[in-house]
Amino acid sequence: MLKEPLVPSLHVLGDDDFWPEFEAGLRSLGELWTAPSGRSYRLDLEGRRLRVDLLLPDDVIVAPTSASEVDRDLFELACALQDVVGGEWSAEGLRRSAELFGWCTDC
Amino acid sequence: MIPELPGEIRELYPFAPHWTRVGGYTLHYVDEGPQSPRVVVLLHGNPTWSFLYRKIIPPIAAAGFRVVAPDYLGCGRSDHGRHEAEYAIAHHISRTMAILDAAGVEQAVFFCQDWGGPIGLGIALARPSLLGGLVLANTFWGEASKFHRQIIPWRAIHAPIAGPLLFARTRTFLNALRLSGPPDIHSGAAWRAYNLPYEVHGGAGSTLAWPRAISLGPGHPTQPLADAIWAAMPSMRVPVRLVWGAADVVFAPGEEEARFRERLPRGKEHPTQIIEGARHFIQEYAPDQCSDACVAVAREAFKC
């Protein structure tokens, strides 16, 4: 009998309008993606709806991960996606663009 | 909805709220000046709300015109939607028409900046009798500008995952106001006023849906609307003036501005008033010039 985890994964980001031209890139990242921080995320794309969940220890309740740390992970994921899509898209391009709008890539 | 505003914002934006129910949502609009059939409607864009018009509303009302300034769904004091699909431009047009119907507006001069262009022109497309005149400012009709087509810095930030992160989970995109607005809105009460709808509701409201609604060409969901507006413009035989910020990187002078003047039958009756140093949120740089243009067009439209 399957045992449900004590702690389900935590939904951290949804995109209801995932662009079809990015789908192959997302699938190439796999269903589980690990950020440079070591935290892992489940990527679940159904149609044009993407769900990103933070994987947590499933047998013990721990203090929440800080939102800013998750934000940094998600930014790395966004960069990884634009890099793997390639062509005119790139992680470097996203970093430059986001910095222009005030995103701190070194924080 | 946001029923009450903090005192520091009320000081800058002292207008009584007006509310109407549209499609299950409560939408807000400003309604100032005499209750007259001579109406000026002020249409905002992203990521602003009718607060953008706080310095423009009083002089138009003082000139004897009724002024209506709506907040779209997902903006300002209005409700936020439950699904991204509710923010399709055609739905914004429909809801704004419903606000005008609720307010009893039968004809108006439309001031259109940013997404106010597609919305105002879309209203004119849907109900030509509503259009009495146009003032166009740093706006378009729904098709991407040169800036919009660039991956860096525009498309990259609202691409998958990046978009929900930078627009919804964080409010990074609101820094567009700092990039394209004057220093006095970069901090203080004005800055907090622009952030307020997203702090109260959490999330992005409609801010992410807007850039994704810009049509990049055939096959894009907004392209049919943009095409219909473009086709209808030669029939919009109403007084027109253009006021344009020279330093706008989104809609630089000579691009959409020039095409509007060519396309609208009365677009060349007056030269475009170019405001040197003004960036995209021209209402913040040159409110007097914006209100003067509205009054000039309204006097012509309503023959008064």
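Preceding this section is the structure that the text describes.
So, how was this worked out
- Throughout, a residue's number is its position along its own chain's written sequence, starting from 1.
- Key to labels: chains lettered from A, ligands numbered from 1, both in the order written.
- It should be noted that, the model being predicted, local features are given only for residues of pLDDT at least 70 and side-chain atom pairs only at 80 or more, the latter also being counted only at that level, while totals for whole chains, interfaces and linings use all residues.
- Neither water nor hydrogens contribute to the side-chain values; these are computed over all heavy atoms in the structure.
- In this analysis, two residues are considered to be in contact whenever any of their non-hydrogen atoms come within 4.5 Å of each other.
- In this description, buried area is defined as the sum, over both parts, of the accessible area (probe of 1.4 Å) that is lost when the two are combined.
- We define a salt bridge as a side-chain nitrogen of Lys or Arg found within 4 Å of a carboxyl oxygen belonging to Asp or Glu.
- Definition of a polar contact: a pair of N or O atoms within 3.5 Å, with one able to donate and the other able to accept a hydrogen when the atoms are protein atoms, and with sequence-neighbouring residues admitted only if both atoms are side-chain atoms.
- In this description a helix means any DSSP run of H or I spanning at least four residues, a strand means any run of E spanning at least two, and both kinds are numbered starting from the N terminus.
- Gly is placed with the polar residues, together with every amino acid not listed as nonpolar (Ala, Val, Leu, Ile, Met, Phe, Trp, Tyr, Cys and Pro) or charged (Asp, Glu, Lys and Arg).
- Burial classes follow relative accessibility: with a 1.4 Å probe on protein chains only, a residue under 20% of its type's maximum area counts as buried, one over 50% as exposed, and anything between as partly exposed.
- Note on disulfides: each one is a pair of cysteine sulfur atoms within 2.5 Å.
- Under the pairing criterion, centres of Phe, Tyr and Trp rings, with the six-membered ring standing for Trp, must be within 6.5 Å; the plane angle then separates stacked pairs below 30 degrees from edge-to-face pairs above 60, leaving the rest tilted.
- The rule for pairing is simple: two strands pair if DSSP sees at least two bridges between them.
- Here, axes are lines fitted to C-alpha atoms. For helices the fit covers the stretch in contact, and angles between N-to-C directions go from 0 to 180 degrees.

Trainee: Lay out the interface of chain A and chain B with the relevant residues and their values.
Mentor: Reports often express the size of an interface as the amount of accessible area lost when the parts come together. At the interface, 32 residues of chain A touch 24 residues of chain B. When the two sides are added together, the surface that chain A and chain B hide from each other amounts to roughly 2,500 Å², 73% of it contributed by carbon and sulfur. Interface area lost by chain A to chain B is led by Trp19, Trp89 and Phe101 of chain A, which between them contribute 28%. Where Arg169 of chain B meets Asp71 of chain A, a salt bridge forms, and the shortest distance between an N and an O atom there is 2.4 Å. Counting the contacts that link chain A with chain B gives eight residue pairs in polar contact (both at pLDDT 80 or more). At the level of secondary structure, the elements contributing two or more residues to the side of chain A that touches chain B comprise β1 (10-15), α2 (67-85) and α3 (91-100) of chain A. Broken down by element, the side of chain A that touches chain B gets its largest block of residues, nine residues, from α2 of chain A. For the side of chain A that touches chain B, a count of residues per class yields 20 nonpolar, five polar and seven charged.

Trainee: I'd like to hear about the side chain of Ser145 of chain B, residue by residue, with values.
Mentor: Residues and elements named next belong to chain B. As for its position among the elements, Ser145 is in the loop between β6 (131-139) and α5 (146-149). Under the relative-accessibility criterion, Ser145 is labelled buried at 1%. The residues touching Ser145, leaving out its near neighbours within four places in the chain, are Val250, Phe251 and Glu256.

Trainee: Now, about the state of the cysteines: what can you tell me, with residues and values included?
Mentor: Residues and elements named next belong to chain A. The final tally for this structure, using the stated rule, is zero disulfides over all chains. Between Cys79, a free cysteine, and Cys104, which holds the nearest cysteine sulfur, the sulfur-to-sulfur gap is 13 Å. Residue Cys79 is classed as buried on the basis of its relative accessible area, which comes to 1%.

Trainee: Go over the packing of aromatic side chains, please, and point to the residues and values.
Mentor: Residue and element names in this part refer to chain B. Counted under the stated rule, the structure contains 22 aromatic pairs over all chains. With centroids separated by 4.9 Å and ring planes inclined at 70 degrees, the aromatic side chains of Trp115 and Phe140 adopt a geometry described as edge-to-face. On the criterion of sequence distance, the pair formed by Trp115 in the loop between β5 (108-114) and α4 (116-126) and Phe140 in the loop between β6 and α5 is long-range, its members being 25 residues apart. Neither residue differs from the other here; Trp115 and Phe140 are each classed as buried. A ring pair is formed by Phe147 and Trp154, whose centres lie 5.6 Å apart and whose planes are at 45 degrees; its orientation type is tilted.

Trainee: An account of α4 of chain B is requested, with residue identities and associated values reported.
Mentor: For α4 of chain B, a buried count of nine out of 11 residues is recorded, marking the element as mostly surrounded by other parts of the structure. Considered for burial, the residues of α4 of chain B that qualify are Gly116, Gly117, Pro118, Ile119, Gly120, Leu121, Gly122, Ile123 and Ala124 of chain B.

Trainee: If you had to explain the sheet that holds strand β3 (residues 40-46) of chain A to someone new, which residues and values would you point to?
Mentor: Residue and element names in this part refer to chain A. Here four strands make up an open sheet; going across it, the order is β1-β4-β3-β2 and the pairing antiparallel. With partners counted over all chains shown, the strands left at the sheet margins are β1 and β2 (32-34), one partner each. Each strand of the sheet is rotated relative to its neighbour by a mean of 25 degrees, with strand direction disregarded. The pairing of β3 with strand β4 (residues 49-54) spans six bridges and is antiparallel. Bridging across to β4, Glu46 finds its partner in Arg49.

Trainee: Which residues make up the sheet that holds strand β1 (residues 17-22) of chain B, and what values do they have?
Mentor: Residue and element names in this part refer to chain B. Ordered in space as β1-β2-β4-β3-β5-β6-β7-β8, the eight strands form an open sheet in which the pairing is mixed. Each edge of the sheet is formed by a strand with only one pairing partner; in this case those strands are β1 and β8 (273-275). Within the sheet, the average angular offset between the axes of one strand and its neighbour, ignoring direction, is 20 degrees. Bridge analysis of β1 against strand β2 (residues 25-32) gives six bridges, and the strand direction is antiparallel. Its bridge partner being in β2, Pro17 is matched across the sheet by Val30. The strands touched by α4 are β3 (39-43), β5 and β6; relative to β5, the strand with the most contacts, the crossing angle is about 150 degrees.

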